[in-house]
Amino acid sequence: MPHDTVLNGGERETKPADGQTSSAVQNSHQSTSTVISRRHLLRGRIKPPADALLPPWSHPPTLFYSRCSRCDACITACPERLIVRGDGGFPQIDFRQGECDFCRKCLEICEDHALSGEVNPPLPLRPVIADNCLPKRGVACQSCRDGCEPMALRFPPQLSSGGRGIALPQLESDLCSGCGGCVAPCPVGAITMVPKANLTPEGA
Ligand code: SF4
Ligand code: SF4
Ligand code: SF4
């Protein structure tokens, strides 16, 4: 990219790159503004979603949204169909559609460098299991474990009478890849993937 484009209150603002003249920046800025104005006409004002789960290898949100051109390339490339067009036309992950197998097709097709192979881990997410989880209500279920290839979900036996003998899911966070494979199999939609950074040390 010849210049850096950053979001500023929902709008894009162009900053000069090293060695770039102000007139070059102005011309570049006019060109960018024209493109964005057309997009505004077609799709409304740019408004990045606040809580969307970004595709694997995404830069942190501010940088990601400044680079993503909403070209849909990663959406089309994903063989699992789990990248969907979200608010504002930006791509986001919907684990109800499937799990990420880290095939790198989205990463390799992103020409705007909104995704980067230097981002590690690619999906810094962890599952959070809500209170409608069936075993928490006394009903046996281990469906999420079946969707977890890394075997990060365990169901240790409940020995106390309060547990009524039904095993509860437990996450081995160090084994979890953030793939989201446990989300879709849950029959009651009890699992939500959340950024690791939003969790307490015990949950992460
Ligand atoms: S790595 Fe592959 S499966 Fe995962 S989101 Fe990208 S294209 Fe889809
Ligand atoms: S997100 Fe973690 S717990 Fe869920 S299926 Fe993937 S590795 Fe297993
Ligand atoms: S699949 Fe859902 S309901 Fe079943 S144990 Fe896992 S989180 Fe609980």
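Going along each chain's sequence as written, the residues are numbered from 1 onward. Chains carry letters from A onward and ligands carry numbers from 1 onward, assigned in written order. Note on the predicted model: pLDDT of at least 70 is required for a residue's local features to be given, and 80 or more for side-chain atom pairs to be given and counted; whole-chain, interface and lining totals, by contrast, use all residues. In computing side-chain properties, one takes all heavy atoms of the structure into account and sets aside hydrogens as well as water.

Asker: Residues and numbers for the side chain of S173, please.
Answerer: Of note, S173 is situated in the loop between β7 (170-171) and β8 (191-195). The exposure class of S173 is buried, given its relative accessible area of 14%. Reaching out from S173, the side chain makes a polar contact with the side chain of R126 at a distance of 3.0 Å. Secondary structure is summarised from DSSP: a helix means a run of H or I of at least four residues, a strand means a run of E of at least two, and numbering begins at the N terminus for each. Using a 1.4 Å probe on the protein chains alone, a residue whose accessible area is under 20% of its type maximum counts as buried, one over 50% counts as exposed, and one in between counts as partly exposed. Any pair of N or O atoms that falls within 3.5 Å is considered a polar contact. Within protein, one atom must be able to donate a hydrogen and the other to accept it, and sequence-neighbouring residues count only if both atoms are side-chain atoms.

Asker: Lay out the nonpolar core in plain terms, naming residues and giving numbers.
Answerer: Ranked by internal contacts, the top residues of the largest apolar core, which has 37 residues, are F64, I83, F95, L115 and M193. Elements with a minimum of two residues in this core: α2 (61-67), α3 (73-77), α4 (105-109) and β8. Source of the domain bounds: an automatic or database domain assignment. No fewer than three residues from each of domain 2 (47-122) and domain 3 (125-198) sit in this core. Only buried residues count toward a nonpolar core, which is a set of Ala, Val, Leu, Ile, Met, Phe, Trp, Tyr and Cys residues joined through side-chain atoms within 4.5 Å.

Asker: Can you explain the site of ligand 3? Please cite residues and give values.
Answerer: Lining the immediate surroundings of ligand 3 are I129, C133, L134, P135, C141, S143, C144, F155, C186, P187, V188 and I191. Gly falls in the polar group here, along with every residue not listed as nonpolar (Ala, Val, Leu, Ile, Met, Phe, Trp, Tyr, Cys, Pro) or charged (Asp, Glu, Lys, Arg). Its residues assigned to classes, the shell around ligand 3 shows 11 nonpolar, 1 polar and no charged. Residues are labelled near a given molecule or strand when at least one of their non-hydrogen atoms is within 4 Å of it.

Asker: Hey, could you go over the UniProt feature "binding site: [4Fe-4S] cluster 1" (unreviewed entry) in the protein for me, with residue numbers and the actual values?
Answerer: UniProt positions are given in the numbering used here, feature names are shortened, and annotations may be inferred rather than shown by experiment. Per the UniProt record, "binding site: [4Fe-4S] cluster 1" (unreviewed entry) is found at C68, C71, C74 and C78. As for its position among the elements, C71 is in the loop between α2 and α3. Under the relative-accessibility criterion, C71 is labelled partly exposed at 48%. Structurally, the position occupied by C78 is in the loop between α3 and β3 (83-85). On the basis of relative accessibility, which here comes to 9%, the residue C78 falls in the buried class.

Asker: Go over the pattern of salt bridges with me, naming the residues and quoting the values.
Answerer: Pairing between side chains of opposite charge can happen when the charged atoms of each approach one another. A carboxyl oxygen of Asp or Glu within 4 Å of a side-chain nitrogen of Lys or Arg is what we treat as a salt bridge. Under the defined criterion, the tally for this structure stands at 4 salt bridges. Across the pair R85 and D72 runs a salt bridge, and its minimum N-O distance is 2.4 Å. Residue R85 is located in strand β3, and its partner D72 is located in the loop between α2 and α3; the two are separated by 13 residues in the primary sequence. In this structure, the salt-bridge partner of D131 is K136, at a minimum N-O distance of 3.8 Å. Since its relative accessible area comes to 59%, D131 is described here as exposed.

Asker: Mind laying out the site of ligand 2, listing which residues take part and the relevant values?
Answerer: Not every one of the 14 residues close to ligand 2 is listed here, only the nearest: C148, C176, C179, G180 and C182. Split by residue class, the shell around ligand 2 holds 9 nonpolar, 5 polar and no charged.

Asker: For the UniProt feature "binding site: [4Fe-4S] cluster 2" (unreviewed entry) in the protein, give the residues involved together with the corresponding values.
Answerer: Following the UniProt record, the feature "binding site: [4Fe-4S] cluster 2" (unreviewed entry) maps to C100, C103, C106 and C110 here. Structurally, C100 is set in the loop between β4 (91-93) and α4. C100 gets classed as buried once you look at its relative accessible area, which sits at 10%. Here a residue-residue contact requires only that any non-hydrogen atoms of the pair lie within 4.5 Å. Excluding residues within four positions of it along the chain, C100 makes contact with P56, L82, L123 and C179.

Asker: Please provide a residue-by-residue account of the environment of I191, values included.
Answerer: Structurally, I191 is set in strand β8. Sequence separation between I191 and G180 is 11 residues, and the spatial gap between their C-alpha atoms is 9.0 Å. Not counting chain neighbours up to four residues away, the residues in contact with I191 comprise P127, V128, I129, C144, C182, V183 and C186.

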